[in-house]
Amino acid sequence: MTTTQQVRQAFRVRAIDPLVLAQLRVLDDAGHAPRMVQDAEGGSPLRCCLRRSRPGERIALVSYAPLRRWAAETGADPGPYDEVGPVFVHPEPCDGPVADGFPAELAGLPRMLRSYSADGRILDGRLAGGDDLRDQESARLLIEEILADPRVAVMHARAVDFGCFTFEIQRAG
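Residues numbered from 1 in each chain as written. Predicted model: local features only at pLDDT ≥ 70, side-chain atom pairs only at ≥ 80, totals over all residues. Heavy atoms only, no water.

Visitor: Account for the packing of aromatic side chains, with residues named and values stated.
Guide: One pass over the structure, following the stated rule, counts 2 aromatic pairs. For the pair Phe102 and Phe167, a centre-to-centre distance of 5.5 Å together with 85 degrees between the ring planes defines the contact as edge-to-face. Highlighted residues: Phe102 in the loop between strand S6 (85-89) and strand S7 (111-116) and Phe167 in strand S10 (residues 165-171), separated in sequence by 65 residues. (Phe/Tyr/Trp six-rings, centres within 6.5 Å; stacked < 30°, edge-to-face > 60°. Helix = DSSP H or I, 4+ residues; strand = E, 2+ residues; numbered from the N terminus.)

Visitor: Give a detailed account of the sheet that holds strand S8 (residues 122-128), specifying residues and quantitative values.
Guide: The strand order S1-S10-S9-S7-S8 describes an open sheet built from 5 strands, whose pairing is antiparallel. A single partner strand is all that each edge strand has here, and the edge strands are strand S1 (11-14) and S8. Taking each pair of neighbouring strands and ignoring which way they run, the sheet shows an average axis angle of 20 degrees. Note that strand S9 (residues 154-159) and S10 share 4 bridges and pair antiparallel. (Pairing = 2+ DSSP bridges. Axes fitted to C-alpha atoms, helices over the stretch in contact; angles between N-to-C directions.)

Visitor: Give me the lowdown on the side chain of Arg140, citing residues and values where you can.
Guide: You can see Arg140 is positioned in helix H4 (residues 136-147). Reaching out from Arg140, the side chain makes a polar contact with the side chain of Glu144 at a distance of 2.8 Å. (Polar contact = N/O pair within 3.5 Å; in protein donor to acceptor, adjacent residues only side chain to side chain.)

Visitor: Help me get a handle on the pattern of salt bridges, residues and values and all.
Guide: Enumeration over the complete set of coordinates arrives at 13 salt bridges. Across the salt bridge formed by Arg51 and Glu57, the nearest N and O atoms sit 2.8 Å from each other. Assigned by exposure class, Arg51 and Glu57 land together as buried. For Glu144, the salt bridge is made with Arg140, and the minimal N-O distance between the two is 2.8 Å. Linking Glu144 with Arg140, this pair stays in helix H4, spanning 4 residues, or about one helical turn. On the accessibility criterion, Arg140 (12% relative accessible area) is buried. Salt bridges linked by common partners bring Arg14, Glu73 and Glu168 together as one network. (Salt bridge = Lys/Arg side-chain N within 4 Å of Asp/Glu carboxyl O. Buried < 20%, exposed > 50% of the residue type's maximum accessible area, 1.4 Å probe, protein only.)

Visitor: Can you break down H4 residue by residue, with the values?
Guide: Compared with an ideal rise of 1.5 Å per residue, which puts 12 residues at 16 Å, H4 spans 16 Å between its outermost C-alpha atoms and is within 8% of the ideal. Taken as a whole, H4 has its buried residues at Ser138, Ala139, Arg140, Leu142, Ile143, Ile146 and Leu147. (Expected span 1.5 Å × (residues − 1).)

Visitor: Please provide a residue-by-residue account of helix H3 (residues 66-74), values included.
Guide: Every buried residue of H3 is listed here: Pro66, Leu67, Trp70 and Ala71. On an axial view of H3, the arc spanned by its buried residues comes to 130 degrees, and they lie on one face. Set apart from the buried face of H3 by more than 90 degrees, the exposed residues are Ala72 and Glu73. Buried residues along H3 sit against strand S5 (57-64), S7, S9 and S10. In the segment just after H3, Gly75 is the residue with positive phi, at about 85 degrees. (Arc of directions from axis to C-beta. Contact = heavy atoms within 4.5 Å.)

This is how it looks when you write it as structure tokens:
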């Protein structure tokens, strides 16, 4: 097994699940229909495939409650940490991410990495600047450092500028 294969075993980056996306494309987590947007300049982070939109691409803006969805799967109670926020997705099903590691197209963008306990409470927030996430290897090291805390059940990467959910990180297996 190569080092790269071993790295992929440590954690898994998860885009929004295709079944959840199908629901959000009808009615989002705030109870609204999606808003269709023509992304003239491109560059919006798509949470369905973990890449940036292309100039002129048609995308949907929906409200998403990532911790609520995770808590429903695990039985946790996020209580006041249950947030609903805007995310961009493709309006139709897409192929999803090309890999389960840190998304290459999102490397270098500053992110807040929030870790949560099994009961749905925030444990920590780490500001990861461009240098911390300059490539997949540096992102991997930072994520593994955070996941070394056995209390961490799940982690969310969020945009620093707008605070929007970007993707979920879980231990592999």
